[in-house]
Amino acid sequence: MARTTIIAGNWKMNLLPDDAWELVAGLKEELVLKANLEVAVFPQSPLLPLVSGWLDGSFITYGAQNSSQHDSGAFTGEVSPLLLRTLGCKYSLVGHSERRELFGETNETVAAKAKALLAVGIKPIVCVGESLEEREAGSHIEKITNQIKAVFASLEPEDYKDLVFAYEPIWAIGTGKTATADQANEIHKVIRGQIKESVCEQIANSTSILYGGSVKGSNAKEILGQSDVDGVLVGGASLQLEDFTKIVQSF
Ligand code: PEP
């Protein structure tokens, strides 16, 4: 079974409604539906109801950048996965390195968030990846496999098929430094191998693994052409209509 290629635009804490509308309107005009391709945008949560309305009837989907591990309660400032489902989110990012590094999310928090999302029918895109120091010290593979193991340890077998992973080397995020296509593919194979070890070969072969880290229109084709790369998670370039369109058209 061919894996779904997902091209995801992480808008991070950018875009006010007018600019977001312009971008979405442009994407609706430029992008065309293709077999095995999904395109999703990830706005700030308060923009989700607007984006949902603008994308009504479009093949482009949307998701959240973060969500709570709790469904409801006294968690000021958090966003409930139940609310995200009500707003029509298909996906949510989980454990983006900015959440892990700046907001102290641990492997355990990330696993709990993934579990809470799956419980309400939202597919988590679990982000994993190493810092430059970890890569230079040769501990990157251990770090990434531990991040993956922690997620599977908390889930039920029926949930395994709905996970998506994104390999995002921290040193390549927002820095303009992209992992080479070979470097990305090598780690994607490691991730697929770990999924096989944690679960089984069938799930390993059907799970989409995205690459993220300074993907642009100019390098997307080579990255997307790798055997184990099943899409890209794009930050900065997803805010530019022309560049994001070029990335999607590289598939
Ligand atoms: C990201 O935020 O997930 C990301 C990969 O950012 P950028 O494309 O800007 O490196």
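Residues numbered from 1 in each chain as written. Predicted model: local features only at pLDDT ≥ 70, side-chain atom pairs only at ≥ 80, totals over all residues. Heavy atoms only, no water.

Participant: Talk me through the packing of aromatic side chains; I want residue IDs and the actual numbers.
Facilitator: Going through the model one piece at a time under the given rule, you end up with 3 aromatic pairs. Ring geometry for Phe152 and Phe165: centres 5.8 Å apart, planes at 45°, overall tilted. Within this pair, whereas Phe152 is found in helix α7 (residues 140-154), its partner Phe165 is found in strand β6 (residues 164-167), the two being separated by 13 residues in sequence. Summarising the burial analysis for this pair, Phe152 and Phe165 share the class buried. Here the aromatic cluster, defined as three or more aromatic residues joined through ring pairs, consists of Phe152, Tyr160 and Phe165. Between Arg99 and the ring centre of Phe103, over which it is positioned, the NZ or CZ distance is 4.2 Å. (Phe/Tyr/Trp six-rings, centres within 6.5 Å; stacked < 30°, edge-to-face > 60°. Helix = DSSP H or I, 4+ residues; strand = E, 2+ residues; numbered from the N terminus. Buried < 20%, exposed > 50% of the residue type's maximum accessible area, 1.4 Å probe, protein only. Lys NZ or Arg CZ within 6 Å of the ring centre and 35° of its normal.)

Participant: Talk me through the sheet that holds strand β1 (residues 5-10); I want residue IDs and the actual numbers.
Facilitator: Strands sit in the order β1-β2-β3-β4-β5-β6-β7-β8 around a closed barrel of 8 strands; the barrel is parallel. Neighbour-to-neighbour, the strand axes of the sheet open up by a mean angle of 25°, direction not taken into account. Pairing of strand β3 (residues 61-64) with strand β4 (residues 91-94), which is carried by 2 bridges, proceeds in the parallel orientation. Of the residues in β4, the one forming a bridge with Gly63 is Tyr91. (Pairing = 2+ DSSP bridges. Axes fitted to C-alpha atoms, helices over the stretch in contact; angles between N-to-C directions.)

Participant: Tell me about the site of the ligand, and please be specific about residues and values.
Facilitator: The ligand sits among 14 residues. The nearest are Lys12, Glu168, Gly174, Ser214 and Gly235. A distance of 2.7 Å separates an oxygen atom of the ligand from a polar atom in the side chain of Glu168. Within the backbone of Gly236, a nitrogen or oxygen atom sits 2.8 Å from an oxygen atom of the ligand. Considering the ligand on its own, with 290 Å² of exposed area, one finds that the protein chains cover 96% of that surface. (Near = heavy atom within 4 Å. Polar contact = N/O pair within 3.5 Å; in protein donor to acceptor, adjacent residues only side chain to side chain. Areas by Shrake-Rupley, 256 points an atom, 1.4 Å probe, with all protein chains shown as cover.)

Participant: Describe the environment of Lys123, naming the residues involved and giving the relevant values.
Facilitator: By secondary structure assignment, the location of Lys123 is in strand β5 (residues 123-128). Here Lys123 falls in the partly exposed class, since its relative accessible area comes to 27%. Other than its neighbours up to four places away in sequence, Lys123 contacts Lys90, Tyr91, Ser92 and Asp162. (Contact = heavy atoms within 4.5 Å.)

Participant: Describe the environment of Ile6, with residues and values.
Facilitator: Counting through the fold element by element, Ile6 comes out in strand β1. For Ile6, a relative accessible area of 2% gives the class buried. C-alpha separation for the pair Ile6 and Glu242, spaced 236 residues apart in sequence, amounts to 18 Å. The residues touching Ile6, leaving out its near neighbours within four places in the chain, are Glu38, Tyr91, Val164, Ser208, Leu210, Asp230, Gly231 and Val232.

Participant: Describe in detail the pattern of salt bridges, supporting the description with residues and values.
Facilitator: Two side chains of opposite charge can pair, provided their charged atoms sit close to one another. For the coordinates displayed, the defined rule picks out 12 salt bridges. Between Lys113 and Glu105 there is a salt bridge, with its nearest N and O atoms 2.6 Å apart. Across the pair, Glu105 and Lys113 agree in class, each one buried. In this structure, the salt-bridge partner of Asp162 is Lys161, at a minimum N-O distance of 3.2 Å. The exposed category is assigned to Lys161, whose relative accessible area is 54%. The network of salt bridges with common partners includes Arg3, Lys189, Arg192, Asp228 and Asp230. (Salt bridge = Lys/Arg side-chain N within 4 Å of Asp/Glu carboxyl O.)

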